[in-house]
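# Remarks on the overall topology
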Amino acid sequence: MMRETVQAEVLMSFLVSEELSFRIPVELRYETGDPYAVRMTFHLPGDAPVTWAFGRELLLDGINGPSGDGDVHIAPTDPDGLSDVMIRLQVGGDRALFRASAPPLVAFLDRTDKLVPLGQERTLGDFEDHLEAALGRILAEENAG
């Protein structure tokens with residue numbers, strides 16, 4: 001099966017504090033080989049890029065209302081309209097807060113939906129084979145970190 005990818009780059013504000021924020025490029029990536037997940041690679045100045053993977057549905061839900069109760073929490077700044085989206089990432093006691101414009105995220109999700117319609121992820125032939133390997137990798141990454 002051919003692996004296909006959807007990629008986009010968006011600018012997000014990295015909110016360091018109430019007073020300090022700066023814009024950084026963030027690469028969004030979706031692959032048919034891992035159809036439930038999206039990856040965001042944050043290019044922080046002076047640091048190696050940091051990649052987070054989380055559920056595609058979490059990102060979609062977070063554009064419309066508060067979503068996520070683990071290390072990733074996504075919520076719109078204004079639940080009544082298409083507004084900016086706040087993305088909070090947490091590792092232990094450390095957290096990072098990002099603000100992104102919703103339209104580029106929606107456009108990215110729309111492209112992933114054209115590749116693999118939401119709810120159709122299980123129909124990908126080799127997904128079951130890769131699930132165990134992916135889970136093993138994820139657990140290894142978590143234990144290493």
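This report concerns the structure included in the present document. These numbers come from a predicted model, not from an experiment.

Now for the environment of Arg-111. Looking at the element boundaries, Arg-111 is found in helix α2 (residues 102-115). Assessed through its relative accessible area of 39%, Arg-111 is described here as partly exposed. In sequence terms Arg-111 and Thr-5 are 106 residues apart; their C-alpha atoms lie 9.8 Å from each other. Reaching out from Arg-111, the side chain makes a polar contact with the backbone oxygen of Gln-7 at a distance of 3.0 Å.

Summarising the element assignment, Ser-83 is placed in the loop between β5 (72-76) and β6 (84-91). Reaching out from Ser-83, the side chain makes a polar contact with the backbone nitrogen of Asp-78 at a distance of 3.0 Å. Ignoring any residue separated from it by four or fewer positions in sequence, one finds Ser-83 in contact with Pro-76, Thr-77, Asp-78 and Ala-102.

Before going further, it helps to examine the packing of helix α1 (residues 56-64) against α2. With their axes 11 Å apart at the nearest point, α1 and α2 run at an angle of 140° to one another. Comparing the axis directions of α1 and α2 gives the class oblique. At the point where α1 passes α2, the crossing takes the left-handed sense. Facing α1, whose interface residues are Arg-56, Leu-59, Leu-60 and Ile-63, α2 presents Ala-102, Leu-105, Val-106, Leu-109, Thr-112 and Asp-113.

The next thing to look at is α2. With 14 residues, α2 extends 20 Å between its outermost C-alpha atoms, agreeing within 8% with the 20 Å of an ideal straight helix rising 1.5 Å per residue. Buried residues in α2 make contact with β1 (5-15), β2 (21-31), β3 (37-42), α1, β6 and β7 (94-101).

Applying the stated criterion across every chain, the model contains three aromatic pairs. Taken together, a centroid distance of 5.0 Å and an interplanar angle of 25° make the contact between Phe-14 and Phe-98 stacked. Linking Phe-14 in strand β1 with Phe-98 in strand β7, this pair joins segments that are 84 residues apart in sequence. With a relative accessible area of 16%, Phe-14 lands in the buried category.

Another point: the side chain of Gln-90. By the secondary structure assignment, Gln-90 is in strand β6. One polar contact links the side chain of Gln-90 to the main-chain carbonyl oxygen of Gly-92, over a distance of 3.5 Å. Leaving out residues up to four positions away in the same chain, Gln-90 has contacts with Trp-52, Asp-71 and Arg-95.

As judged from the eleven bridges shared by β1 and β2, these two strands associate in the antiparallel manner. The residue bridging Thr-5 from the neighbouring strand is Glu-31, located in β2. Hairpin connection from β1 to β2: five residues lie between these consecutive antiparallel strands. Taking the residues that link successive antiparallel strands as the turn, the β2-β3 hairpin has five residues.

So, how was this worked out
Residues numbered from 1 in each chain as written. Predicted model: local features only at pLDDT ≥ 70, side-chain atom pairs only at ≥ 80, totals over all residues. Heavy atoms only, no water. Helix = DSSP H or I, 4+ residues; strand = E, 2+ residues; numbered from the N terminus. Buried < 20%, exposed > 50% of the residue type's maximum accessible area, 1.4 Å probe, protein only. Polar contact = N/O pair within 3.5 Å; in protein donor to acceptor, adjacent residues only side chain to side chain. Contact = heavy atoms within 4.5 Å. Axes fitted to C-alpha atoms, helices over the stretch in contact; angles between N-to-C directions. Parallel < 35°, antiparallel > 145°, perpendicular 65-115°, else oblique. Left-handed = near helix turned anticlockwise from the far one by under 90°. Expected span 1.5 Å × (residues − 1). Phe/Tyr/Trp six-rings, centres within 6.5 Å; stacked < 30°, edge-to-face > 60°. Pairing = 2+ DSSP bridges.

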